[in-house]
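Read off the chains here:
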Amino acid sequence: KAGVTQTPRYLIKTRGQQVTLSCSPISGHRSVSWYQQTPGQGLQFLFEYFSETQRNKGNFPGRFSGRQFSNSRSEMNVSTLELGDSALYLCASSLQSRGYGYTFGSGTRLTVV
Amino acid sequence: GIQVEQSPPDLILQEGANSTLRCNFSDSVNNLQWFHQNPWGQLINLFYIPSGTKQNGRLSATTVATERYSLLYISSSQTTDSGVYFCAVENYGGATNKLIFGTGTLLAVQP
């Protein structure tokens with residue numbers, strides 16, 4: 001059974017540009033969550049989607065947005081990139097049932113220059 | 001919100017040694033997971049363990065929910081065990097559907 005797939009693995013962008021990251025969850029999982037990992041702030045929750053609806057959002061500016069498609073694949077977008085947006089972005093999928101946890105993808109490492 | 005503390009922050013072991021990593025959390029939880037972050041950044045799920053004890057090879061974990069802590073045991077450590085170990089918790093009652101991570105334990109196993 002395929003795991004959580006994130007693309008691209010690495011990305012270099014310039015300040016002011018925008019970027020789109022993609023996440024395909026495990027087949028049958030309808031919940032997709034996004035996390036940002038930085039050396040200073042650790043792992044922080046960005047947002048969670050379930051059946052194409054954003055259910056929860058973390059404490060991030062409006063430049064960070066996302067969406068989920070009918071096949072449960074999710075994208076997150078960061079507009080007007082800042083140097084501080086350089087981070088590892090991790091996606092997790094879940095069955096959203098008790099007894100199951102979250103499975104993470106390999107992440108997208110974004111560098112803003 | 002729930003606070004998650006991990007200890008120790010850093011640990012250096014010789015190959016073959018045993019270790020215990022601890023995770024304390026400040027409120028009741030419905031989900032607790034241990035992850036190992038590999039050098040490429042991926043979070044590998046080690047255990048889903050909101051309560052009780054589980055074992056998987058050289059690794060085992062125990063969560064005492066009533067006392068709000070969890071322990072991860074690594075026996076006969078190998079260099080491939082090196083990396084960062086994270087504990088993460090979730091409280092369904094908060095309707096937040098998100099994991100709250102500790103700051104991690106950085107483990108270095110030397111040959």
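Residues numbered from 1 in each chain as written. Chains lettered and ligands numbered in written order. Predicted model: local features only at pLDDT ≥ 70, side-chain atom pairs only at ≥ 80, totals over all residues. Heavy atoms only, no water.

K.L.:
Kindly report on the sheet that holds strand β1 (residues 4-7) of chain B, identifying the contributing residues and their values.
P.N.:
All names here are of chain B. The strand order β1-β3-β8-β7-β6 describes an open sheet built from 5 strands, whose pairing is antiparallel. Each edge of the open sheet is held by one strand with a lone partner, namely β1 and β6 (52-56). Neighbour-to-neighbour, the strand axes of the sheet open up by a mean angle of 15 degrees, direction not taken into account. In the sheet, strand β7 (residues 59-64) pairs with strand β8 (residues 69-74) via 6 bridges, with the strands oriented antiparallel. Residue L59 lies in a different strand from β8, and its bridge partner there is I74. (Pairing = 2+ DSSP bridges. Helix = DSSP H or I, 4+ residues; strand = E, 2+ residues; numbered from the N terminus. Axes fitted to C-alpha atoms, helices over the stretch in contact; angles between N-to-C directions.)

K.L.:
Give me the lowdown on the side chain of B:Q6, citing residues and values where you can.
P.N.:
Turning to its location among the elements, B:Q6 is positioned in strand β1. Exposure remark for B:Q6: the relative accessible area of 8% places this residue in the buried category. (Buried < 20%, exposed > 50% of the residue type's maximum accessible area, 1.4 Å probe, protein only.)

K.L.:
An account of the packing of aromatic side chains is needed here, citing residue identities and associated values.
P.N.:
Applying the stated criterion across every chain, the model contains 9 aromatic pairs over all chains. With a centroid separation of 6.0 Å and an interplanar angle of 70 degrees, the aromatic rings of A:F104 and B:F101 are classed as edge-to-face. Taken together, the residues A:F104 in strand β10 (residues 102-104) and B:F101 in strand β10 (residues 100-101) connect one chain to another. The buried category is assigned to B:F101, whose relative accessible area is 9%. Arranged with centres 5.9 Å apart and planes meeting at 35 degrees, the rings of B:F35 and B:F101 form a pair that is tilted. On the criterion of sequence distance, the pair formed by B:F35 in strand β4 (residues 31-37) and B:F101 in strand β10 is long-range, its members being 66 residues apart. Accessibility classification places B:F35 together with B:F101 in one group, the buried group. Cluster of aromatic residues (ring-pair linked, three or more members): A:Y35, A:F45, A:F104, B:F35, B:F86 and B:F101. Between A:R55 and the ring centre of A:F50, over which it is positioned, the NZ or CZ distance is 4.3 Å. (Phe/Tyr/Trp six-rings, centres within 6.5 Å; stacked < 30°, edge-to-face > 60°. Lys NZ or Arg CZ within 6 Å of the ring centre and 35° of its normal.)

K.L.:
Which residues make up the state of the cysteines, and what values go with them?
P.N.:
Residue and element names in this part refer to chain B. This model, assessed by the stated rule, comprises 2 disulfides over all chains. With a sulfur-sulfur separation of 2.0 Å, C23 is cross-linked through a disulfide to C87. Across the disulfide from C23 to C87, rotation about the S-S bond amounts to roughly -55 degrees, and the bridge is consequently left-handed. One end of the pair, C23, is in strand β3 (residues 19-25); the other, C87, is in strand β9 (residues 83-90), and 64 residues separate them in sequence. Assigned by exposure class, C23 and C87 land together as buried. (Disulfide = S-S within 2.5 Å.)

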